[in-house]
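Commentary on secondary and tertiary structure
These are the residues of each chain, in order.
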Amino acid sequence: MDIVHAEVRRTTNLDGRPCAEVEVVTGDAGAANLLVYFAEAPDGGIEMVG
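A brief report on the enclosed structure follows. (Residues numbered from 1 in each chain as written. Predicted model: local features only at pLDDT ≥ 70, side-chain atom pairs only at ≥ 80, totals over all residues. Heavy atoms only, no water.)

1. Remarks on the overall build of the protein
- Broken down by element type, the protein carries zero helices and four strands.
- Listed N to C, the secondary structure of the protein is β-β-β-β in terms of helices and strands.
- Taken along its principal axes, the extent of the C-alpha atoms in the protein is 35 × 20 × 15 Å.
- Here the protein, with 50 residues, has 20% of them falling under the buried criterion.
- Of the contacts made within the protein by residues no fewer than 6 positions apart, 14% connect residues no fewer than 24 positions apart. (Helix = DSSP H or I, 4+ residues; strand = E, 2+ residues; numbered from the N terminus. Buried < 20%, exposed > 50% of the residue type's maximum accessible area, 1.4 Å probe, protein only. Contact = heavy atoms within 4.5 Å.)

Following this line, the structure appears as structure tokens:
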């Protein structure tokens, strides 16, 4: 999958966990935009959550 554009839309809580909601646009003209959620990982980094 090629990512053409990504933009942070808002902050939210997912199962009580603070997350950033990111809208991702792919290079596939027939595909819908994706919403991807990121949160702080236990090791201090960032992880994708779902």
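What follows picks up the thread again.
2. Considerations on the sheet that holds strand β2 (residues 17–26)
- Spatially, four strands are ordered β1-β2-β3-β4 in an open sheet, and the strand pairing comes out antiparallel. A strand with exactly one partner marks an edge of an open sheet, and here the two such strands are β1 (3–14) and β4 (46–49). Recorded for the sheet is a direction-independent mean angle of 35° between the axes of neighbouring strands.
- Note: β2 against strand β3 (residues 34–40), five bridges, orientation antiparallel. If you follow A20 over to β3, its bridge partner there is F38. (Pairing = 2+ DSSP bridges. Axes fitted to C-alpha atoms, helices over the stretch in contact; angles between N-to-C directions.)

3. With respect to the pattern of salt bridges
- Scanning all chains against the criterion turns up four salt bridges.
- The partner of E23 in a salt bridge is R9, and the shortest N-O contact between them spans 3.3 Å. Separated by 14 residues along the polypeptide, E23 in strand β2 and R9 in strand β1 bring together distant segments of the chain.
- A salt bridge links R17 to E47; the nearest nitrogen and oxygen atoms lie 2.4 Å apart. Of this pair, R17 sits in strand β2 while E47 is found in strand β4, placing the two residues 30 residues apart along the sequence.
- The exposure class assigned to E47 is partly exposed, which follows from its relative accessible area of 28%.
- Salt bridges sharing common partners tie together E7, R9 and E23. (Salt bridge = Lys/Arg side-chain N within 4 Å of Asp/Glu carboxyl O.)

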